[in-house]
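Summary of structural features
So the chains spell out like this:
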Amino acid sequence: MSKNVTPYKTSSLSKKEQVAQMFDTISGNYDGLNRVISFGVDVKWRKKVLKLVSDKNPKTILDIATGTGDLAILMAQTSAQKIIGLDISAGMLEVGRKKIEEKKLSHKIELLLADSENMPFEDNTFDAITVAFGVRNFEHLEVGLAEILRVLKPGGIFVILETSNPTKFPFKQGYVFYTKFILPLIGKLFSKDQSAYGYLSESASVFPFGEALNNILRKIGFIDVVAMPQTFGVATIYAASKK
């Protein structure tokens, strides 16, 4: 990232601690607000991630920065026998566990409070690893990606869904206006944490995307790296593998 963006400018906590605190605070209304902010299009993007993973017939899946478990729950439609969702926010995981219980998926999905930059798994554990709107919250991006590479099985698939910045007129200008002015306003109206949605838009604006993120993934050691822009470039799906 070109600069280290944090949720709370005056806090002495690390970025990781601030992110956990922020998501704990907004966990109760995060799902509903997300649908409003993305106009529901994020559901379509997640289904594309599901297709990429499902095509690999994985037996074990890890969903990092799982939040309230949306993507982990979606992954239950694959052939996977075990799905683990990992996050640093206890508040988000609490919401996620209730959703999993309601859908009667507790036998297949486990949510775990843990740090994505220091995961409690052995090398070469998972057939597939996913991250939806989470990599830009890593305190140390390359450390987190290297840890993902470590626990991914050789030949396994790693899929990222992340915000990106449109580069063509008029989508570029419209996106800048929306993320700079409208998104934080929605957050202030509907969230008790007024800093949160300002952080989410600011962090998205400075995070490397497209070929820049592709190159970081290759540097870490991923192979077969490809970026697939979505909806005029407001989000991008990245797929990669391991030798």
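Everything here concerns the structure above.
On a predicted model such as this, the values are computed, not experimentally measured, just so you know.

We now examine the overall build of the protein chain. Along its length, the protein chain carries 9 helices and 7 strands. C-alpha extents for the protein chain along the principal axes are approximately 45 × 40 × 35 Å. The long-range fraction of contacts in the protein chain, counting pairs at least 24 apart against all pairs at least 6 apart in sequence, stands at 70%.

With that settled, consider empty space enclosed by the protein. A full pass over the atoms with the stated rule returns 1 cavity of 30 Å³ or more. Within this model, the largest cavity holds a volume of roughly 360 Å³. Taken together, 29 residues form the lining of the largest cavity, with Ala65, Thr66, Asp87, Gly134 and Asn137 sitting closest to its centre. Counting residues per element, the ones that place at least two in the lining of the largest cavity are helix 1 (15–26), helix 2 (30–37), strand 1 (60–64), helix 4 (70–74) and strand 2 (82–87). Broken down by class, the residue content of the lining of the largest cavity amounts to 12 nonpolar, 8 polar and 9 charged.

Okay, helix 9 (residues 211–220) next. Looking only at helix 9, the buried set comprises Leu213, Asn214, Ile216, Leu217 and Ile220. Down the axis of helix 9, the buried side of the element spans an arc of 160°, and every buried residue falls inside it. Positioned one or two residues after helix 9, Gly221 has a phi angle of 125°, which is positive.

Before going further, it helps to examine helix 6 (residues 141–151). Among the residues of helix 6, Leu141, Gly144, Leu145, Glu147, Ile148, Leu149 and Val151 are the ones counted as buried. On the buried face of helix 6, the contacting elements are strand 1, strand 4 (126–132), strand 5 (152–163) and helix 9.

Once that is clear, we can look at the packing of aromatic side chains. Summed over all chains, the structure comprises 4 aromatic pairs. With a centroid separation of 6.2 Å and 55° between ring planes, the pair formed by Trp45 and Phe133 is classed as tilted. One end of the pair, Trp45, is in helix 3 (residues 41–54); the other, Phe133, is in the loop between strand 4 and helix 6, and 88 residues separate them in sequence. Looking at Phe133, the relative accessible area reads 15%, which means it is buried.

Our focus in this paragraph is the layout of surface pockets. A water-sized probe, rolled over the atoms, reveals where empty space remains. Empty space within the second largest pocket amounts to approximately 200 Å³. Forming the boundary of the second largest pocket are 14 residues, of which Val176, Thr179, Lys180, Ser201 and Ser205 lie nearest the centre. When contributions to the lining of the second largest pocket are tallied by element, the ones reaching two or more residues are helix 7 (171–190) and helix 8 (196–206). Per-element tally for the lining of the second largest pocket: the top contributor is helix 7, with 6 residues. In the lining of the second largest pocket, the residues fall into 5 nonpolar, 6 polar and 3 charged.

Before going further, it helps to spend a moment on the pattern of salt bridges. Taken as a whole, this structure holds 13 salt bridges when the rule is applied. With its nearest N and O atoms 3.5 Å apart, the salt bridge here joins Glu110 to Lys82. Within this pair, whereas Glu110 is found in strand 3 (residues 109–113), its partner Lys82 is found in strand 2, the two being separated by 28 residues in sequence. Here the salt bridges share partners, and the residues they tie into one network are Lys16, Asp115 and Glu117.

A few words on the pairing of strand 4. With 7 of 7 residues buried, strand 4 is to be regarded as a mostly interior element. Looking at chain direction, strand 1 and strand 4 are connected through 4 bridges and run parallel. Bridge assignment links Ile64 to a residue of strand 4, and that residue is Val131. When strand 4 meets strand 5, the two strands line up parallel, connected through 6 bridges.

Quick look at the pairing of strand 6 (residues 223–230) now. The two faces of a sheet get side chains in turn, since along a regular strand they alternate between them. By the bridge criterion, 6 bridges tie strand 6 to strand 7 (residues 235–241) in an arrangement that is antiparallel. Across the sheet, residue Met228 finds its bridge partner in strand 7, namely Ile237. Here strand 6 folds back onto strand 7 in antiparallel fashion, the turn holding 4 residues, of which Thr231 has a positive phi close to 45°.

On the basis of which strands lie adjacent, the open sheet formed by 7 strands has the order 3-2-1-4-5-7-6 and mixed pairing. Two strands lie at the open edges of the sheet, namely strand 3 and strand 6, each paired on one side alone. When the angles between neighbouring strand axes are averaged without regard to direction, this sheet yields 15°. Here strand 5 runs beside strand 7; their pairing, made up of 7 bridges, is antiparallel. Looking at strand 7, one finds that Glu162 is bridged to Thr236.

Criteria and cut-off values
- Residues numbered from 1 in each chain as written.
- Predicted model: local features only at pLDDT ≥ 70, side-chain atom pairs only at ≥ 80, totals over all residues.
- Heavy atoms only, no water.
- Helix = DSSP H or I, 4+ residues; strand = E, 2+ residues; numbered from the N terminus.
- Contact = heavy atoms within 4.5 Å.
- 1 Å grid on protein atoms, 1.4 Å probe; cavity = no way out; pocket = protein on both sides within 12 Å on 5 of 7 lines; lining within 4 Å.
- Points joined across faces, edges and corners; volume = space filled by probe spheres on them.
- Nonpolar A, V, L, I, M, F, W, Y, C, P; charged D, E, K, R; others polar.
- Buried < 20%, exposed > 50% of the residue type's maximum accessible area, 1.4 Å probe, protein only.
- Arc of directions from axis to C-beta.
- Phe/Tyr/Trp six-rings, centres within 6.5 Å; stacked < 30°, edge-to-face > 60°.
- Salt bridge = Lys/Arg side-chain N within 4 Å of Asp/Glu carboxyl O.
- Pairing = 2+ DSSP bridges.
- Axes fitted to C-alpha atoms, helices over the stretch in contact; angles between N-to-C directions.

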